[in-house]
Amino acid sequence: MKRIAINTGGGDAPGLNAVIRAIVLAATQRGWECVGIRDGYNGLLMPENYPEGGLMTLTPDSVRGITHLGGTILGTTNRGNPLAYPVLGEDGQYHEIDRSDELLDAFAEQKLDALIAIGGDGSLAIAGALAAKGLRVVGVPKTIDNDLDKTVATFGFNTAVYFATECIDRLHTTAASHQRIMVVEVMGRYAGWIALNSGVAGTADAILLPEIPYDINKVAEKIQKRSSRGRDFSIVVVAEGAKPIGGDLTIIGKAVGQAERLGGIGHKVGAELQALTGKETRVVVLGHLLRGGKPTAYDRLLSLRFGAAAVRSLVEGQTGVMVALDPPTVNYVPLADVAGRMKRVPLDCDTILTGRDLGISFGD
Ligand code: F6P
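None of the values given here were measured: they were computed from a predicted structure. (Residues numbered from 1 in each chain as written. Predicted model: local features only at pLDDT ≥ 70, side-chain atom pairs only at ≥ 80, totals over all residues. Heavy atoms only, no water.)

Considerations on the site of the ligand
Quick note on the threshold: A single heavy atom is enough: if one lies within 4 Å of a molecule or strand, its residue is considered near that molecule or strand. What qualifies as a polar contact is a pair of N or O atoms within 3.5 Å, subject to a donor-acceptor requirement within protein and to the restriction that residues adjacent in sequence count only when both atoms come from side chains. Surface accessibility follows the Shrake-Rupley procedure with a 1.4 Å probe radius. Residue values consider only the protein chains on display as shielding. Three classes are used, and their members are as follows: Ala, Val, Leu, Ile, Met, Phe, Trp, Tyr, Cys and Pro are nonpolar, Asp, Glu, Lys and Arg are charged, and the others, Gly among them, are polar.
Around the ligand lies a shell formed by N78, I144, D145, M187, G188, R189, E240, H288 and R291. Between the ligand and G188 there is a distance of 3.1 Å, counted from an oxygen atom to a backbone nitrogen or oxygen. Note that an oxygen atom of the ligand is positioned 2.8 Å from one of the side-chain N or O atoms of R291. Burial of the ligand by the surrounding chains reaches 84%, relative to a free accessible area of 400 Å². When grouped by side-chain class, the residues that make up the shell around the ligand number 2 nonpolar, 3 polar and 4 charged.

Some details on helix 3 (residues 100–109)
The following threshold applies: Any residue under 20% of the maximum accessible area for its type is buried, any over 50% is exposed, and the rest in between are partly exposed; the area is computed with a 1.4 Å probe on protein chains only. Runs of H or I in DSSP of at least four residues are treated as helices and runs of E of at least two as strands, each being numbered from the N terminus. In this context, the arc is that of the directions from the helix axis out to the C-beta atoms. Contacts are assigned to residue pairs with any non-hydrogen atoms lying within 4.5 Å of each other.
Among all positions of helix 3, only S100, L103, L104, A106 and F107 are buried. What you see down the axis of helix 3 is that its buried residues fit within an arc of 155°, all on one side. Away from the buried face of helix 3 by more than 90 degrees, exposed residues A108 and E109 are located. Contacts from the buried residues of helix 3 go to strand 1 (3–8), strand 2 (33–37), helix 2 (42–45), strand 6 (114–119) and helix 4 (121–132).

Considering the side chain of S234
Tracing the sequence through the fold places S234 in strand 10 (residues 234–239). Within the local environment of S234, its side chain forms a polar contact with the side chain of R226, the two groups lying 3.0 Å apart. In this view, S234 contacts R180, I181, M182, D205, I223 and R226; residues no more than four positions away in its chain are not counted.

With respect to the packing of helix 6 (residues 193–201) against helix 10 (residues 350–357)
Stated precisely, the cut-off is as follows: Between the N-to-C directions of two axes lies an angle of 0 to 180 degrees, each axis being a line fitted to C-alpha atoms and, for a helix, fitted only over the stretch in contact. Angle categories are assigned with fixed cut-offs, so that under 35 degrees is roughly parallel, over 145 is roughly antiparallel, 65 to 115 is roughly perpendicular, and the rest are oblique. By the definition used in this description, the sense in which the near helix is turned from the far one sets the handedness, with an anticlockwise turn below a right angle giving left-handed and a clockwise turn giving right-handed.
Relative orientation of the contacting elements helix 6 and helix 10 amounts to 40°, with a least axis distance of 10 Å. Here helix 6 is positioned oblique relative to helix 10, judged by the angle of their axes. Seen from above, helix 6 lies across helix 10 with left-handed handedness. Judged by residue contacts, L196, N197 and V200 of helix 6 engage T351, I352 and G355 from helix 10. Its residues assigned to classes, the contact of helix 6 with helix 10 shows 3 nonpolar, 3 polar and no charged.

Looking at the nonpolar core
Generally speaking, nonpolar side chains in soluble globular proteins are found buried as a group. The condition that has to hold: Nonpolar cores were defined as sets of buried Ala, Val, Leu, Ile, Met, Phe, Trp, Tyr and Cys residues, with membership established by side-chain atoms within 4.5 Å.
By size, the foremost hydrophobic cluster in this structure holds 35 residues, and its most contacted members are V186, I235 and L290. Going through the elements one at a time, helix 5 (157–178), strand 8 (181–186), helix 6 and strand 10 are the ones with two or more residues in this core. The element best represented in this core is helix 5, accounting for 8 residues. Setting aside anything within four residues of it in sequence, one finds I235 in contact with I168, L171, H172, A175, M182, V184, A204, D205 and A206. Counting residues in hydrophobic clusters, the runner-up holds 33 residues, among them I20, V140, F306 and L325.

Note that all results are geometric; they support no functional claim without further evidence.
So this is what it looks like as structure tokens:
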């Protein structure tokens, strides 16, 4: 092993830079060179778009002082899947083509011996496919959504929950002062981890999750019951993937080569609650604020542990694996066991039971 590549794919998450730093320091100690691929795989697939080169040489100097920074120094994209790459056709429409063989040729040309791919479900599925085609690959699980299977946690999630909880705390005082309902929409795609954890920690009155289709009348009843006890404000946390019983997800749209974009359910819930309760309602969509900013100490440490473990896994000769938190250690699991297996909130999990014991409504 002489030269390894690192890339970051999909949505950014706090902790990416800490993973990069740990990989570079651990690899350099072993005498290996590190390069970063810009914007997912685009630095290799479209080097002509990068006047300074699609690859970034990474040394201990170039990764100094980045552990606490949000974002990724390599850049990222959620439109660069080499297996379904969007290209503009002569008909003016985007079409998806498989560029994975071209990508493997670029790895060979650049004399890259292995790849550490840092990403969520989509990026790890790509990493698994490249490993199956013979590339030496180790994955690192990233996502604020916490929806990856086979790891107790992904980095980025703790920071998102921490920030969402802080926002819910702030909304309490303004909601109470104005006797309003505050609806807070949070990200998380098809899993309710962020909504559940921040909602319980922030003592929301109702939490709507993708895993529990809701009846809006049940939420309105909960709010009216509070009013009858003199509690004239309420906080409702809504996961972007929440949906009513018998209803559909609220979707912004889907572009070629990209995942479906969720969003808008908070405004629907807010309008319905205002109509049902007669209470003035405001809606706050936290959106990408949950992905920005510096990682919490928990996420930094997890990121550093994942990055160092990824290098150790290459030393041990592993390939086609993902590093995974399995307290008290970090283990390796086959990438093939991770792809396509979304980790949703189990309905009998302790945090939901705790929420119910505290009197929080889940709209069911
Ligand atoms: O997967 C992370 C995530 O932030 C989701 O929670 C959200 O649905 C999605 O990415 C948003 O993606 P984009 O950055 O493309 O808007």
